[in-house]
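Structural description and commentary
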Amino acid sequence: MSKKVLLIFDGILSEEPLKFYLRKPNFNQDPLYALTNVIYMETSELKETLNQVSQNLKSEKYSIREYRLLKDNFLQNVVKVDLDTKESALNMISKSIFAERNKNELEKMFDYWLEDSFSRIKNPENDFEQHLLERFNIYCEKKESVKAEDFYKCLINCDRKISEYKCDYTIFTSLVKRGYIKQILSLPNKSVRYFSYFIYSEICRLSNAYDFYTSELPALEQIKTQCDEKENHIDKSDVLKIETIKDLKITLANAIKQITQTGDN
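Just so it is clear, the structure is predicted and the values come from calculations on it, not from any experiment. (Residues numbered from 1 in each chain as written. Predicted model: local features only at pLDDT ≥ 70, side-chain atom pairs only at ≥ 80, totals over all residues. Heavy atoms only, no water.)

1. What about the overall build of the chain?
Counting its secondary structure elements, the chain contains twelve helices and three strands. Taking all contacts inside the chain whose residues are at least 6 apart in sequence as the whole, residues at least 24 apart take part in 67%. Counting every atom, the chain has about 15500 Å² of accessible surface; 48% of that belongs to carbon and sulfur. (Helix = DSSP H or I, 4+ residues; strand = E, 2+ residues; numbered from the N terminus. Contact = heavy atoms within 4.5 Å. Areas by Shrake-Rupley, 256 points an atom, 1.4 Å probe, with all protein chains shown as cover.)

Set out below in structure tokens:
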């Protein structure tokens, strides 16, 4: 199989289960890179270099790109010369890698994982990968929450920015999961109709809706159920609101039908 190579953070991400590789480092003064180039060191010189790396770690100097070097070189040698225990050395590495200064770099990598799930860690092999995966899950949750909130704001203002969520095949699940449906149904009629039109244009007009929205069926059913609940609590004199909710229910029914019908073909 040909190897797809992608440059990411000045490093290389392979098609294998996620591993970090660095380009061959330029000759420089950083002791971490010195460890990779020394064939033999006297114990005193090795300790001095390791102590320099330790100071850089405590200053949270290193980025996620350098994890492989830290793990394979620093960790191996620091234990060998009894400067620190393996556990405390690992903790020091993790603290540096997950420092606030690396936030943007981590988020860029997480965005890449969202685009290409093949590259995502599935089965963490060590504490670092487990921690990395936990951070990814937290990032996804935060990103989904922001997405649902922004979508809701678009509905409030009937903002055309809602078009940014076209082809977002998880938006309805995000709204249901984060409790936005009751709020949406309580918005002015114009906003509720705007939501109805979004569903119509995204699903009802899609000839192969099954291919994209099957996973959203439970969320769409839940929205329809909440429409029933909302309708039962509307003042009977508010005819326009009742009709608006009924129209939304019809759109939802057609969307669900469109998904299931295209799946039968």
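2. As for unusual backbone geometry
Positive phi, normally seen in glycine, also occurs at Glu60, with a value near 55°. Relative to the helices and strands, Glu60 is located in the loop between α2 (43-58) and α3 (67-80). Not every positive phi belongs to a glycine, and Cys158 is a case in point at roughly 50°. Residue placement: Cys158 occurs in the loop between α6 (127-157) and α7 (171-177).

3. Things to note about the packing of aromatic side chains
This model, assessed by the stated rule, comprises 14 aromatic pairs. Ring plane angle 70° and centroid distance 5.1 Å describe the contact between Trp113 and Phe136, whose orientation is recorded as edge-to-face. Taken together, the positions of Trp113 in helix α5 (residues 103-115) and Phe136 in helix α6 put the pair 23 residues apart, joining distant regions of the chain. Across the pair, exposure class does not vary: Trp113 and Phe136 are buried alike. With a centroid separation of 5.5 Å and an interplanar angle of 80°, the aromatic rings of Phe151 and Tyr165 are classed as edge-to-face. (Phe/Tyr/Trp six-rings, centres within 6.5 Å; stacked < 30°, edge-to-face > 60°. Buried < 20%, exposed > 50% of the residue type's maximum accessible area, 1.4 Å probe, protein only.)

4. Concerning helix α9 (residues 189-204)
One turn of an α-helix holds 3.6 residues; hence residues three or four places apart share an orientation. Under the 1.5 Å per step criterion, the end-to-end length of α9 is 21 Å for 16 residues, consistent within 8% with the ideal 22 Å. Of the positions making up α9, those classed as buried are Asn189, Ser191, Val192, Phe195, Ser196, Phe198, Ile199, Ser201, Glu202, Ile203 and Cys204. (Expected span 1.5 Å × (residues − 1).)

5. Things to note about the pattern of salt bridges
In the structure shown here, the tally under the stated rule is nine salt bridges. Lys143 is the partner of Asp111 in a salt bridge, and the nearest nitrogen-oxygen pair spans 3.4 Å. Here Asp111, found in helix α5, pairs with Lys143, found in helix α6; they are 32 residues apart in sequence, far enough to count as distant. On the basis of relative accessibility, which here comes to 26%, the residue Asp111 falls in the partly exposed class. (Salt bridge = Lys/Arg side-chain N within 4 Å of Asp/Glu carboxyl O.)

6. Looking at the state of the cysteines
Per the stated rule, a full pass over the model turns up zero disulfides. Free of any disulfide, Cys154 has its nearest cysteine sulfur in Cys158, 10.0 Å distant. (Disulfide = S-S within 2.5 Å.)

7. What about the side chain of Thr251?
Relative to the elements of secondary structure, Thr251 occurs in helix α12 (residues 239-264). The exposure class of Thr251 is buried, given its relative accessible area of 12%. Leave out the neighbours within four places in its chain, and Thr251 touches Ser196, Ile199, Tyr200 and Cys204.

8. Things to note about the nonpolar core
Ranked by internal contacts, the top residues of the largest apolar core, which has 36 residues, are Phe151, Phe172, Leu175, Phe195 and Ile203. Elements supplying a minimum of two residues to this core: α6, α7, α8 (181-185), α9, α10 (209-213), α11 (217-232) and α12. With seven residues, the single largest contributor to this core is α12. Those residues in contact with Phe172 that sit more than four places away from it in its chain are Phe195, Phe198, Ile199, Ile203, Tyr213, Glu216, Ala219, Leu220 and Ile223. Core analysis: the second largest hydrophobic core is formed by 28 residues, Leu46, Tyr62, Tyr67 and Tyr112 among them. (Core = buried A, V, L, I, M, F, W, Y, C linked by side-chain atoms within 4.5 Å.)

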